[in-house]
Amino acid sequence: MERELALEIVRVTELAALASAPWMGRGDKHHADGAATSAMRAMFDSVSVRGTVVIGEGEMDEAPMLYIGEAVGSAQGPEVDVAVDPLEGTEIVARGLNNAMSVIAVAGKGSLLHAPDMYMEKLAVGPELAGKVSLSDPLEKTLYTAAEHLGKPVRELTVMLLDRDRHAEIVRTLREVGVRIKFLSDGDVAGALAPSFPEAGIDLYVGSGGAPEGVLAAAALRCLGGEIQGRLMPADRREYDRCLEMGLADPEKVLTMDDMVGTGDVIFAATGVTPGEFMGGVRYLPGDRAETHSIVMRAKTRTIRHIRSLHHLPSKPLLLDLAVRNAEAPLSPNIAAY
């Protein structure tokens, strides 16, 4: 893939973040997600790729666009697989909390996992533990193995997971071993990336979350040197058969990084919607401007770019058009000035 594609992709996540930010704290996750999805779809039309969404949110969340199998891009340029989450953390935005973001991963055609939108069991670690632990092992063994390789007592480990009732047994094991637990209300991608950022103070990420978020995290971790392992969790025979139809011979096998993002180049881009551990959120400024903070990474070079952008909102016709077409959308002070 051309390196210029990295900056083209981040323009897509920026617009999605700008479109969804006005819904922050308004208690309406569906409109927030719809705004991000519409903006991402519209901006993708300007990107010179022949892309196909191979894992997205079109089945579980019933998003209006960017469903699995949808074509994206200008229909010119290289053929690529695309994994998307226009608004990772819809509930976060609705409640005005931290760590919501707009996320995209792009890789060569045939590289990204082609699977239904369902839950995935996950184990994510940073570079120091990559290749040292296994999702196939009992969680207690994984914790002691991690402590040994990190050179600290097991009680000094900090483990992150989503605060969900389905994780009750995992929490019980973590309590029995005595590790510290940091719960996430939402934000599965941010959680999986946390062990790869030393400043986050997280050693492992465990539990289950969406499969699209698992693929997106795998793309980022390929760039960061970390690792995620996953196992799809079909809820019933219909979901199991859907996996078979999509070419997964063993839907419940442990998926490696190679299974999820291939072995070639991968580009990952994310823009913060609300402030988080790694990025700032959308911030409105005087003079019809807004500030965004993004991260864009490429596996081939392991380059990580933090991009702070200042946007003159009246010069964003796509953003204005989306706001006008959606009469129910709240208007930011800047957009209202149009």
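Residue numbers restart at each chain and count upward from 1, following the sequence in its written direction. Local features are withheld for residues below a pLDDT of 70 in this predicted model, meaning they are given only at 70 or higher, and side-chain atom pairs are given and counted only at 80 or more; totals for whole chains, interfaces and linings count all residues. Water and hydrogen atoms play no part in the side-chain values, which are based on all heavy atoms of the structure.

Enquirer: Talk me through the confidence of the model for the chain; I want residue IDs and the actual numbers.
Expert: Of the residues in the chain, 92% reach a pLDDT of 70 or more, and the chain-wide mean stands at 90. pLDDT expresses, on a scale from 0 to 100, how confident the predictor is about each individual residue. Two residues form a contact once any of their heavy atoms are found within 4.5 Å. Counted against residues more than four places away or in other chains, residues 333–338, with its pLDDT under 50, gives 13 contacts.

Enquirer: Please give an account of helix α8 (residues 237–245) that cites residues and values.
Expert: Every α-helical turn comprises 3.6 residues, leaving residues that sit three or four positions apart pointing alike. Its side-chain oxygen placed 3.2 Å from the backbone nitrogen of R238, D236 serves as the N-cap of α8. Of the residues trailing α8, G247 is marked for its positive phi of about 95°. Two N or O atoms count as a polar contact when they lie within 3.5 Å, although within protein this holds only if one can serve as hydrogen donor and the other as acceptor, and sequence-adjacent residues are included solely when both atoms are side-chain atoms. Only runs of H or I of at least four residues qualify as helices and only runs of E of at least two qualify as strands under DSSP, and these elements are numbered from the N terminus.

Enquirer: Quick one: what's the story with the pairing of strand β7 (residues 180–184), residue by residue and with numbers?
Expert: When DSSP finds two or more bridges between a pair of strands, those strands are recorded as paired. Relative to β7, strand β6 (residues 158–162) is paired through 5 bridges, and the arrangement is parallel. Across the sheet, L162 pairs through a bridge with L184, a residue of β7. The definition of a right-handed crossover adopted here requires that, viewed with the strands pointing away, the path from the first strand over the helix to the second runs clockwise. Note on the crossover from β6 through helix α5 (residues 168–177) to β7: the handedness is right-handed.

Enquirer: A description of the pattern of salt bridges should follow, citing residues and the corresponding values.
Expert: Think of it this way: side chains of opposite charge can pair up when their charged atoms draw near. Between Lys or Arg on one side and Asp or Glu on the other, a salt bridge is scored when a side-chain nitrogen of the former is within 4 Å of a carboxyl oxygen of the latter. Tallied over the full model, the rule gives 19 salt bridges. A salt bridge links D188 to K122, with the shortest nitrogen-to-oxygen separation between them at 2.2 Å. Residue D188 is found in helix α6 (residues 188–193), and its partner K122 is found in strand β5 (residues 119–125); the two are separated by 66 residues along the sequence. K122 matches D188 in its accessibility class, with the two residues each being buried. Residue burial is assigned from relative accessible area. The probe radius is 1.4 Å, only protein chains are included, and a residue is buried under 20% of its type maximum, exposed over 50%, and partly exposed in between.

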